[in-house]
Amino acid sequence: MNQSLINAVFQPKPNKQEAKADEITKNVRAIMNAEIAKRDSKTERLRASRLSRDAQMPAAPVKKMRATVRRVK
């Protein structure tokens, strides 16, 4: 017999609770994946904005530190 036919005939059908749980799981994963994609795109947009802003700003001059004087006791 064809393997797909065998799998279709002898595949156990999930009960009502399992079917509902599977549906909820699929929905939650879809929502989470959408939020992750939205967060990643926002992160990339902000990173690009920050890098372009930093490239346009002149480098800050380095401050010279004063030499400290040690006192001998």
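Up top is the structure these notes are about.
Note that the structure is a prediction, hence the values are computed from the model and not measured. (Residues numbered from 1 in each chain as written. Predicted model: local features only at pLDDT ≥ 70, side-chain atom pairs only at ≥ 80, totals over all residues. Heavy atoms only, no water.)

Chemist: Even after reading the chapter, I still don't get helix H2 (residues 16-56), so can you show me in this structure?
Modeler: Note that an α-helix has 3.6 residues per turn; residues three or four places apart therefore point the same way. For H2, spanning 41 residues, the distance from its first C-alpha to its last is 61 Å, which sits close to the expected 60 Å at 1.5 Å a residue. For H2, the N-terminal capping position is held by Asn15, with its side-chain oxygen 3.3 Å away from the main-chain nitrogen of Gln17. (Helix = DSSP H or I, 4+ residues; strand = E, 2+ residues; numbered from the N terminus. Expected span 1.5 Å × (residues − 1). Polar contact = N/O pair within 3.5 Å; in protein donor to acceptor, adjacent residues only side chain to side chain.)

Chemist: Explanation requested: the environment of Ala60 in the structure shown.
Modeler: When you line up the elements, Ala60 lands in the segment after H2. Ala60 sits in the exposed class, given a relative accessible area of 64%. Taking the C-alpha atoms as reference, Ala60 lies 70 Å from Ala8; in sequence the two are 52 residues apart. (Buried < 20%, exposed > 50% of the residue type's maximum accessible area, 1.4 Å probe, protein only.)

Chemist: Help me out: how do you make sense of the pattern of salt bridges in this one?
Modeler: Pairing between side chains becomes possible if they bear opposite charge and their charged atoms approach one another. Taken as a whole and assessed by the stated rule, the structure comprises two salt bridges. Between Glu44 and Arg47 there is a salt bridge; the shortest N-O distance is 3.0 Å. Within this pair, Glu44 and its partner Arg47 are both found in helix H2, separated by three residues, close to a single helical turn. With a shortest N-O distance of 3.4 Å, Arg53 and Asp54 are connected by a salt bridge. (Salt bridge = Lys/Arg side-chain N within 4 Å of Asp/Glu carboxyl O.)

Chemist: How should I be thinking about a nonpolar patch on the surface in this particular structure?
Modeler: On the surface, a cluster of nonpolar side chains totalling about 330 Å² of accessible area is made up of Ile24, Val28, Met32 and Ile36. You can see Ile36 is positioned in helix H2. By relative accessible area, which is 34% here, Ile36 ends up partly exposed. (Patch = residues over 30% accessible without salt bridge, like charges linked within 9 Å, V, L, I, M, F, W, Y side chains within 5 Å. Areas by Shrake-Rupley, 256 points an atom, 1.4 Å probe, with all protein chains shown as cover.)

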